[in-house]
Amino acid sequence: MSTLLELKDVRAYYGAVECLHGVDLTVGDGEVVVVLGANGAGKTTLLRSICQLVRTEGSITLRGEEIGGRGTYDVVRGGVSMVPQGRGTLVDLSVDDNLRAGGFIRRDKEVGADVRYWYEVFPRLARRRSTSAGSLSGGEQQMLAIARALMSRPSLLLLDEPSLGLAPIVVRQLFDVLARVCAEREVAMVVVEQNAALALGMAQRGYVLEAGTVAVTGPAERLRDDESVRRAYLGY
Ligand code: ATP
């Protein structure tokens, strides 16, 4: 598996305050990586760093090319897409327009076919295609947010707490679809998730962040067996 994303000694800042203190992380092509950590550990900041939504120092490369210091638009064009915490749908726009907006960087003629593809994956969205995104249920909004993010045909999808506020059955279905679609399309994922058991079940590798640094990293299986991870994140 070749390296898609590599962070070396990444520091992130809100104003003068440093919130990531030298993070190293890699993601291979098509790989699923989970990021665990307590509240305030820096998980969201890590995703924002990759998208260049916060000021960073250190090196962030995508297929070997430095993206640190570039604009977010360039990072998206480079193949990165993010589903932020709280969905990030355009609430006043219809479901259909949200999906088309997700494909805004594309120049190919397949956008319409991709919209139809997502209606097949999520028939509930198809039934509500003319409804404004703001009036969808939480689960439907998350489906839309994921589909919209994948409309740009990224090679890397960043997900911030996709299960937040959703019923367990909806979460299960959503993760099943995510795993299937990303495997089919060879999309790598970095998933920040409180539901550690579910996320470790889907991921190949994981990172545990503590106060802005990487405390533990390794294959998902090993993290599942790690006593500190079990106690803190798996609850047994
Ligand atoms: P949670 O699980 O609660 O979402 P997290 O691990 O995602 O937490 P971050 O949101 O990345 O953590 O926050 C990391 C640190 O950065 C925290 O100390 C937080 O207070 C700080 N921080 C986050 N956003 C900002 C901001 N916009 N301005 C200043 N400090 C911020």
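Every residue gets a number counted from 1 within its own chain, in the order that chain's sequence is written. The predicted origin of the model limits local features to residues at a pLDDT of at least 70 and limits the giving and counting of side-chain atom pairs to 80 or more, whereas totals for whole chains, interfaces and linings rest on all residues. In computing side-chain values, all of the structure's heavy atoms are included and hydrogens and water are not.

S.K.: Describe the packing of aromatic side chains, and please don't skip the residues or the numbers.
M.R.: Two rings from Phe, Tyr or Trp (for Trp, the six-membered ring) form a pair when their centres are within 6.5 Å of each other. A pair whose planes differ by under 30 degrees is stacked, one over 60 is edge-to-face, and the rest are tilted. Scanning all chains against the criterion turns up three aromatic pairs. Each ring, one from tryptophan 118 and one from phenylalanine 122, has its centre 6.0 Å from the other, and the planes form 20°; the classification is stacked. As far as burial versus exposure is concerned, tryptophan 118 and phenylalanine 122 are alike and both buried. Among the aromatic side chains, those forming a connected cluster through ring pairs are Tyr117, Trp118 and Phe122. We count a charge as sitting over a ring when the NZ of a lysine or the CZ of an arginine lies within 6 Å of the ring centre and within 35 degrees of the ring normal. Here arginine 55 stacks its cationic end above the ring of tyrosine 13, 4.4 Å away from the centre of that ring. Sitting over the face of the ring of tyrosine 117, arginine 185 holds its NZ or CZ atom 4.3 Å from the ring centroid. Working definition: with a 1.4 Å probe on protein chains only, accessible area under 20% of the residue-type maximum means buried, over 50% means exposed, and in between means partly exposed.

S.K.: Go over the site of the ligand, please, and point to the residues and values.
M.R.: Whether a residue is near a molecule or strand is decided by its heavy atoms; if any one of them lies within 4 Å of it, the residue is near. In the vicinity of the ligand there are 13 residues, among which Gly40, Gly42, Lys43, Thr44 and Thr45 approach most closely. Between an oxygen atom of the ligand and a main-chain N or O atom of glycine 42, the distance comes to 2.9 Å. Surface accessibility follows the Shrake-Rupley procedure with a 1.4 Å probe radius. Residue values consider only the protein chains on display as shielding. Burial of the ligand by the surrounding chains reaches 59%, relative to a free accessible area of 630 Å². Numbering of helices and strands starts at the N terminus; helices are DSSP runs of H or I of at least 4 residues and strands are runs of E of at least 2. Considering every element that reaches the shell around the ligand, the biggest residue donor is helix 1 (residues 43–50), with four residues. Each residue is assigned to one of three groups, with Ala, Val, Leu, Ile, Met, Phe, Trp, Tyr, Cys and Pro labelled nonpolar, Asp, Glu, Lys and Arg labelled charged, and all others, Gly among them, labelled polar. Per-class residue counts for the shell around the ligand are four nonpolar, seven polar and two charged. Here a polar contact means two N or O atoms within 3.5 Å. Within protein one must be a hydrogen donor candidate and the other an acceptor candidate, and residues neighboring in sequence count only if both atoms are side-chain atoms.

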